[in-house]
Structure formats: structure tokens, C-alpha cells
Amino acid sequence: MTSNRARIHLLSQRLSNQIAAGEVVERPASVIKELLENSIDAGADRIDIELEKGGIKLIRIRDNGMGVEKDDLPLALNRHATSKIEELDDLENITSLGFRGEALASISSVSRLVMISRTPEADKAWKVETEGRNMEAKVSPAAHPPGTNVEVRDLFFNTPARRKFLRTEQTEFKRIDEMVKRLALGHFDVGFNVQHNQRAVHRYDRADSETARQRRVAQICGPAFIDNSVVIEMASSGLRLWGWVSLPTFSRSQADLQYFYVNGRAIRDKLVTHAIKQAYRDVLFHGRHPAFVLYLELDPTLVDVNVHPTKHEVRFRDSRLVHDFLFTALHKSLADVRPENALERREVGTETELGASHNFQQSSINYGVPGDDNTRIGSLNLVLDNKEGRTWSVDNAGTRRPVSPSYLGSVQDFMSKNLAELPADNEDIPPLGYAIAQLHGVYILAQNALGLVVVDMHAAHERITYEHMKAAMDEDGIKSQPLLVPVALAVSEREADAAEEHQDDLAALGLALERMGPESLSIRQVPVILKSADVEQLVRDVLSDFLEHGSSDRITAHRDEILATMACHGSVRANRQLTIMEMNALLRDMEKTERSGQCNHGRPTWTQMSMNDLDKLFLRGQ
Ligand SMILES: Nc1ncnc2c1ncn2[C@@H]1O[C@H](COP(=O)(O)OP(=O)(O)O)[C@@H](O)[C@H]1O
Ligand SMILES: [Mg+2]
């Protein structure tokens, strides 16, 4: 037995680097990440990326950053060698993307890596590569402009087990592509050029202005994302959040358009995801995912990035503060979306929207006037020509006839009794315009400055009712009621501790829990509106929220669900005839109501068809 025992020995440099590579160098995309981060840390504002065969055969990154001095070059490929931190305290205040000093050593242990670099002061460039089991660095002169060029050939040529896990060239390229996009969205001040198999595939120009940044986001996330998103910009208690979040109506079936950055570093974090999901909870169709590009900026000492070698995760010192800030900022921005914002966006997005083919000085307003038998006067088409100060009536064939002031007087008299006021000119037309008809008892058709507005009247009314009910509830606070028979609950000690610790928070939610023993609680009081819910499950979920996030929105979520059901039953059903006045009242209500762009299930409540859209349908002016 003893004769089989192996002796202890130090691993060779190469082997120990190969073992470390297992953590950070998984595939070509992870090599790209490390190399691009180095170029960004070196202050480059232009990076060229050259790939062959999905990066498996060749990855070449060339930057115009500060370069590496000749004497430091051998160290650059050494493990635990970095220029970015010096002592333990520096770990608390990381402002660079790298700091662990292991990427180049790891990559060069599993590929053929050559690095050429020149500082702006040096008169020539130097090249470094490693040789042998101990990875000795060989430095020799080279020709290169200031900046750095890292070439990685034949990834995993000496680690067949790893190579086996590589997928097809296209798949590896796709992952690289996604990685470059992720980094490009995080660093607008750097231009990126991507070449694959000698073909130019992407070019992201340096983006220094708001429009240029917007252009890059549209390039990466698609123009539809920018057109259907709200701009976020919020700061409080030392935290700043900015970026773009999709309107709830632009949701996705997968969580594939979600970019979140903390001080320029792309991260995935449960706390962040939870806060964002919670902000969208009330407006997103079930099972759909929001799209967002968001940047959180905070003092680097308040966030720990040294959690995982790939640095995809972070730990916030005050996670509750961050969670609440994200939630509040997004929740507020989403609630603030009103029809007029959506229309503004259209006007900014397509400046020709109110184009020359339609002189909106001359706005036409059609009123279909339904009524009781004795008031029915048929439908009425009027054209108000504001420039000439004249009014015309238009028949179905489009023939115009001047309208005499006295006839107009009697019409206006009728309208003022039956309809919302006539707008004096375009300026006064409200965002959702004026109702002109009801279609099959389901849709309201309205005319606004841009053209036609179509409203799903049930969906719209449901949202309005729901928001009214919520507001009324919020005003009164959550009413709570003692249980006749308290419910005993077996929990873990951590949960019981949490219940005690958060007693006040729980009371604010209408819950009274009493500790009965180390691992048992008793539910004494619950919110009135939830008394028929499964209280036991609810309390368990709430406690686990408190343990994980320091807060819980479950009670509100449950309450809102119940209100939503009530709102749904209390809202106008399809097939009910509304008068023009009722329809206009609904439109005005929508303009005032939070989140009125979507019904309680996240479906849109209205849509705009501009004259431009309609012209396109009819191929007018093309
Ligand atoms: N593109 C580059 N430009 C300038 N210096 C670089 C570049 N790439 C790497 N370096 C230098 O090499 C060192 C080691 O890089 P790396 O192994 O990625 O570790 P880290 O980035 O964690 O410091 C860096 O600290 C930096 O000084
Ligand atoms: Mg690095």
C-alpha cells in the first residue's frame, strides 16, 4: 500500500496556470472579454478585433492604449502580476475592470499567445511570448505603433479535454459577438471594429454625444427597442441610475435583451433582477420579460467585485438601499408613461411624422354623432381651416361645401350639449384626440393631431378602474384584522428570527406574527383583503423575501391581483354602446392615469396610426 503513495511536488508553472485557466478561460468569448477589458483598462479609445474560425484559430486584439513598458512585459504574462492593485486596501476600491492578474497567464498557458506593446514614449515596440513547462518569458524587438496587440492562436491546442467542449465555429462566433456587444454597450467612449474570417462584421463608432449613444444602443439592441423605451435618469443617496427601459408593451418572451452595468462592469445579479421584475410586476403580461440597458453608478467602496473570478457577480454593501433605489426609480418612470410621452417619442423619432403632405394648420375633425331617435342628425364631417378661418363640411365623396355661420352655430350648439368641446386649433387637441366612433362595440376610434387613435375600451377602462382602486387603498393603508383562531406555523430558526427582526415592517403590511418557540410562529393578524388567501403560504413567502431581499412586496402583489380581478369585473364589457361624450371622458381619463398604456395584464390599451402610416398603407405620395 505505502509503496503506491505519490510524493508531493510543486506543479509546473504551465500546469498550475492551466488549472487556473479552467475558471476564467472557458471559450473564445471569455478570452475576448479578458483582452478587451485589458484594452479598456489601458485607456484605449479604439479597439480592433480580428477573428478566424470563431476565434478558435485566431483572436487578435489591437488597441491604442497606454501600452506596457519593456521591463514589465515578461511580468504581464505571469500569474499574480498586475499593475492595477498593490495592497489589500485597493481591493475595497476597484475602479479598473481587471485586478486579479491572471488572465494573460491563464490564456497563454492554453494557447499560443504573443503580446506586442509600445508605450507612447518608447521609440520601438517589444514582443513577449512564453516557452516551456515553466513558461519563461522571451522578449524581442518588434514593429508596432503605440498601443498593444495581443494575438491568441489555436486556443486549447494543448488541452484536448477543453477543446472538446467547443461548439461549431458559428456558435462560438455568436458568443463572441454577444460579448463584444455587452462590452460596447458598457463603454460608449471606445470605438470597436470586428472582423471575422477577413470580413468586416461590426463597427461601433466612438459615441460621445447623446444621439451617438442612442445610435449605438439601436445598433446593438435594434431600433425598435429605442423607439419603445423610456429614458431613465435618476440619482439619490449617492446612487445614480441611467439608461433605457422598454415600455411594458415591448416585452419579450425571453430575458435576452437585458443589460445591467455597475460602474461600467456588466453583471448579473439576483437582487438587481428582483428589483427590476418587481418594478414591472404590475404592467407586464404574465411570463413576459422586460428589455433594458441600465447603468448603476456608485462609490466603488460600496460594492465588492471580488466575488467570482469572471467578475459577473457583485456584492453590494447595502443591498437593501440598492434594491429600493432601483425599484423606486423604475417603478416611477414606468408609472409616468402617458399617451403624450409616447406621441412625443414618435415625433422625435420620425421628424417627418407631421410632414408637409398634411397641413395641420388645417385640421379636419369628424364627429359621428349617435343619439336617441329624436336627436340623431347623422354623421357630420367638418374641416376647420385655421389658416383661412373657414369651416367646410365634407360628404362621403369628399366634396367640400362651405358651412354658413348660422348653420355652424346650431351645430356647435348641439355639440356643446352633447360632445366634448371643439378644439380651437391643433394645439388644443389632447394627446389621444377626440372620439369619432365606436367600432363593433369593442374599439373607440379617435382623431388626434397625428392621425387615428384606436383604443381597446375594455382594457383601458379596466386599467383606470384598477389604478383608482389601488390609489384609494393606498390612501387608507392596509386594513388588518385579527384571526379568530391564530394559525401555528413551523418555520426555520432563521425565518423565526427574521419575523421578530422585521416586526414593524410586517405590521405595516398588515401582518402580526408572534414567536412561539425557536422554530415556531403564530399568525395573529392578516390584511382584510387577503383573509381568504392561503395565509400560511403567504407568510412563508413573505419571510423568505425578507431573508433574501430585506423587503417584501408580496402582500401588495396579492392585493393588486385581487383588485385587478375586481377591476376586470367592474369595467365596461365589450358590446356596450358608449356615447361620444362617454368615449371622450374615457380618453381624458386615460391621459391622466398612471400606466394607462397597458391593461392590467400588460396588453396595450391603445395604438396610434398616424397619417403617415395610413398613407403608406394606401401607397400615397410614393
Ligand atoms: N492591452 C493592454 N494594454 C496595456 N497593458 C496591458 C494590456 N493587457 C495587459 N496589460 C498589462 O498586463 C497586466 C496583466 O494583465 P491581466 O493578466 O489581464 O491581469 P489584470 O488585468 O487583472 O491586471 C495588466 O495589469 C496590465 O498592466
Ligand atoms: Mg485583465
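Residues numbered from 1 in each chain as written. Chains lettered and ligands numbered in written order. Predicted model: local features only at pLDDT ≥ 70, side-chain atom pairs only at ≥ 80, totals over all residues. Heavy atoms only, no water.

> What's the story with helix 6 (residues 169-186) in this structure? I'm lost.
An α-helical segment advances 3.6 residues per turn. Residues three or four places apart therefore align on the same side. Look at helix 6: 26 Å from first C-alpha to last across 18 residues, which is about the 26 Å you get at 1.5 Å a residue. Those residues of helix 6 not exposed but buried are Glu-172, Phe-173, Ile-176, Asp-177, Met-179, Val-180, Lys-181, Arg-182, Leu-183, Ala-184, Leu-185 and Gly-186. (Helix = DSSP H or I, 4+ residues; strand = E, 2+ residues; numbered from the N terminus. Expected span 1.5 Å × (residues − 1). Buried < 20%, exposed > 50% of the residue type's maximum accessible area, 1.4 Å probe, protein only.)

> Just to check I follow, could you spell out the side chain of Glu-591 for this structure?
Residue position: Glu-591 is located in helix 18 (residues 580-592). On the basis of relative accessible area, Glu-591 is assigned to the buried category, the value being 11%. A distance of 2.8 Å separates a polar side-chain atom of Glu-591 from the backbone nitrogen of Leu-432. (Polar contact = N/O pair within 3.5 Å; in protein donor to acceptor, adjacent residues only side chain to side chain.)

> Please clarify how the packing of helix 13 (residues 457-476) against helix 18 should be interpreted in this entry.
Pairs of packed helices are described in terms of their axes, by the angle between the two and the distance that separates them. One can describe the packing of helix 13 onto helix 18 by two numbers: an axis separation of 10 Å at closest approach and a directional angle of 50 degrees. Put simply, helix 13 runs oblique to helix 18. Every pair of crossing elements has a handedness; the one defined by helix 13 and helix 18 is left-handed. Residues Met-457, Ala-460, His-461, Ile-464 and His-468 of helix 13 form the contact with helix 18, whose own contacting residues are Leu-586, Asp-589 and Met-590. (Axes fitted to C-alpha atoms, helices over the stretch in contact; angles between N-to-C directions. Parallel < 35°, antiparallel > 145°, perpendicular 65-115°, else oblique. Left-handed = near helix turned anticlockwise from the far one by under 90°. Contact = heavy atoms within 4.5 Å.)

> I would appreciate a short explanation of helix 14 (residues 493-501) in the present structure.
Glu-495, Ala-496, Ala-498 and Ala-499 are the residues of helix 14 that are buried. With its buried residues spanning 160 degrees around the axis, helix 14 presents them on a single face. Residues Arg-494 and Glu-501 are exposed on helix 14 and point more than 90 degrees away from its buried face. (Arc of directions from axis to C-beta.)

> Looking at this structure, how should I read a nonpolar patch on the surface?
Together, Leu-11, Leu-15 and Ile-19 give the surface a local cluster of nonpolar side chains, amounting to about 260 Å² of exposed area. Mapped onto the elements, Ile-19 comes out in helix 1 (residues 13-24). For Ile-19, a relative accessible area of 53% gives the class exposed. (Patch = residues over 30% accessible without salt bridge, like charges linked within 9 Å, V, L, I, M, F, W, Y side chains within 5 Å. Areas by Shrake-Rupley, 256 points an atom, 1.4 Å probe, with all protein chains shown as cover. Salt bridge = Lys/Arg side-chain N within 4 Å of Asp/Glu carboxyl O.)

> Would you take a moment to explain the sheet that holds strand 4 (residues 125-131) for this structure?
Pairing between sheet strands relies on hydrogen bonds along the backbone, with the strands arranged either parallel or antiparallel. Ordered by their spatial adjacency, eight strands build an open sheet running 5-4-3-6-2-1-7-8, and the pairing between neighbours is mixed. Unpaired on one side and paired on the other, strand 5 (136-142) and strand 8 (199-204) mark the two borders of the sheet. Strand-to-strand twist in this sheet, taken as the mean axis angle between neighbours without regard to direction, amounts to 15 degrees. Here five bridges tie strand 7 (residues 191-196) to strand 8, and the two strands are oriented antiparallel to one another. Pairing of Phe-192 across the sheet is with Tyr-204, part of strand 8. Each of strand 1 (46-52), strand 2 (58-63), strand 6 (147-153) and strand 7 is contacted by helix 2 (residues 28-41), which is oriented at about 10 degrees to strand 2, the strand it contacts most. Against the sheet, helix 6 contacts strand 1, strand 7 and strand 8, and its axis sits at roughly 20 degrees relative to strand 8. (Pairing = 2+ DSSP bridges.)

> Explain a negative patch on the surface here, please?
A cluster of acidic residues, Glu-69, Asp-71, Asp-72 and Glu-121, forms a negative patch on the protein surface. The exposure class assigned to Glu-121 is exposed, which follows from its relative accessible area of 67%. (Lys, Arg positive; Asp, Glu negative; His and termini not counted. Charge placed at Lys NZ, Arg CZ, Asp CG, Glu CD.)

> Please explain the site of ligand 1 as it appears in this structure.
The environment of ligand 1 is made up of 20 residues, and the closest members are Asn-38, Thr-82, Ser-83, Lys-84 and Gly-101. Within the contact set of ligand 1, an oxygen atom lies 2.6 Å away from a side-chain nitrogen or oxygen of Thr-82. If ligand 1 stood free it would expose 530 Å²; the protein chains cover 93% of that surface. Those elements that provide at least two residues to the shell around ligand 1 are helix 2 and helix 4 (103-109). Across the shell around ligand 1, the residue classes break down as eight nonpolar, eight polar and four charged. (Near = heavy atom within 4 Å. Nonpolar A, V, L, I, M, F, W, Y, C, P; charged D, E, K, R; others polar.)

> How should I be thinking about the pairing of strand 20 (residues 434-439) in this particular structure?
Here strand 20 pairs with strand 21 (residues 443-447) via five bridges, running antiparallel. Within strand 21, the position partnered with Leu-439 by the bridge is Tyr-443. Linkage of strand 20 to strand 21, two consecutive antiparallel strands, is achieved through a turn of three residues, within which His-440 is found at a positive phi near 45 degrees.

> Explain the pairing of strand 10 (residues 239-246) to me, please; I cannot follow it from the model alone.
Strand residues, when the strand is regular, have side chains that alternate between the two faces of the sheet. With seven of eight residues buried, strand 10 lies mostly within the body of the structure. Across eight bridges, strand 9 (residues 229-236) lies against strand 10 in antiparallel orientation. Residue Ile-232 lies in a different strand from strand 10, and its bridge partner there is Gly-243. Where strand 9 folds back onto strand 10 in an antiparallel hairpin, the turn is made up of two residues, including Ser-237, whose phi is positive at roughly 35 degrees.

> Help me understand the sheet that holds strand 22 (residues 451-456) in this model?
Overall, antiparallel pairing links the four strands, which are arranged 20-21-22-26 in an open sheet. Each edge of the open sheet is held by one strand with a lone partner, namely strand 20 and strand 26 (606-610). Geometrically, the sheet is characterised by an average inter-axis angle of 25 degrees between neighbouring strands, direction not taken into account. Pairing analysis gives five bridges linking strand 21 to strand 22, with the strands arranged antiparallel. If you follow Leu-445 over to strand 22, its bridge partner there is Val-454. Packed onto the sheet, helix 13 meets strand 20, strand 21 and strand 22 and runs at close to 65 degrees relative to strand 22.

> Just checking my understanding: could you explain the pattern of salt bridges for this structure?
Pairs may arise between side chains of opposite charge once their charged atoms sit close together. According to the stated counting rule, one finds 34 salt bridges in the structure shown. Measuring nitrogen to oxygen at the nearest pair gives 3.5 Å for the salt bridge that ties Arg-540 to Glu-536. Of the two residues, Arg-540 and Glu-536 are both situated in helix 16 (residues 535-549); the distance of four residues between them amounts to about one turn of the helix. With a relative accessible area of 25%, Arg-540 lands in the partly exposed category. Owing to a relative accessible area of 33%, Glu-536 belongs among the partly exposed residues under this scheme. Between Lys-592 and Asp-589 there is a salt bridge; the shortest N-O distance is 3.8 Å. Of the two residues, Lys-592 and Asp-589 both sit in helix 18, three residues apart, roughly one turn of that helix. Lys-592 gets classed as exposed once you look at its relative accessible area, which sits at 59%. Exposure remark for Asp-589: the relative accessible area of 23% places this residue in the partly exposed category.

> Would you explain the nonpolar core in this entry?
The nonpolar side chains of a soluble globular protein tend to be buried with one another. In this structure, Ile-32 and Ile-49 are the most contacted members of the largest nonpolar core, which totals 61 residues. In terms of residues, this core owes the most to one element, helix 6, which gives seven residues. With residues near it in sequence (within four places) discarded, Ile-49 still touches Ile-32, Leu-36, Arg-60, Ile-61, Val-180, Phe-192, Asn-193, Val-194 and Gln-195. Of all hydrophobic cores here, the second largest spans 34 residues; its members include Ile-94, Val-245, Leu-271 and Leu-294. (Core = buried A, V, L, I, M, F, W, Y, C linked by side-chain atoms within 4.5 Å.)

> I would appreciate a short explanation of the packing of aromatic side chains in the present structure.
How two aromatic rings sit relative to each other is given by the distance of their centres and the angle of their planes. Using the criterion set out here, one finds seven aromatic pairs in the structure. Relative to Trp-242, the ring of Phe-188 lies with its centre 6.4 Å away and its plane at 40 degrees, an arrangement referred to as tilted. With Phe-188 in the loop between helix 6 and strand 7 and Trp-242 in strand 10, this pair connects stretches of sequence that are 54 residues apart. Summarising the burial analysis for this pair, Phe-188 and Trp-242 share the class buried. Aromatic ring contacts, followed pair by pair, group Phe-188, Trp-242, Trp-244, Tyr-261 and Tyr-295 into a single cluster. Positioned above the aromatic ring of Trp-126, the side-chain terminus of Lys-70 is 4.3 Å from the ring centre. For Arg-112, the ring lying beneath its charged end belongs to Phe-157, and the centroid distance is 3.8 Å. (Phe/Tyr/Trp six-rings, centres within 6.5 Å; stacked < 30°, edge-to-face > 60°. Lys NZ or Arg CZ within 6 Å of the ring centre and 35° of its normal.)

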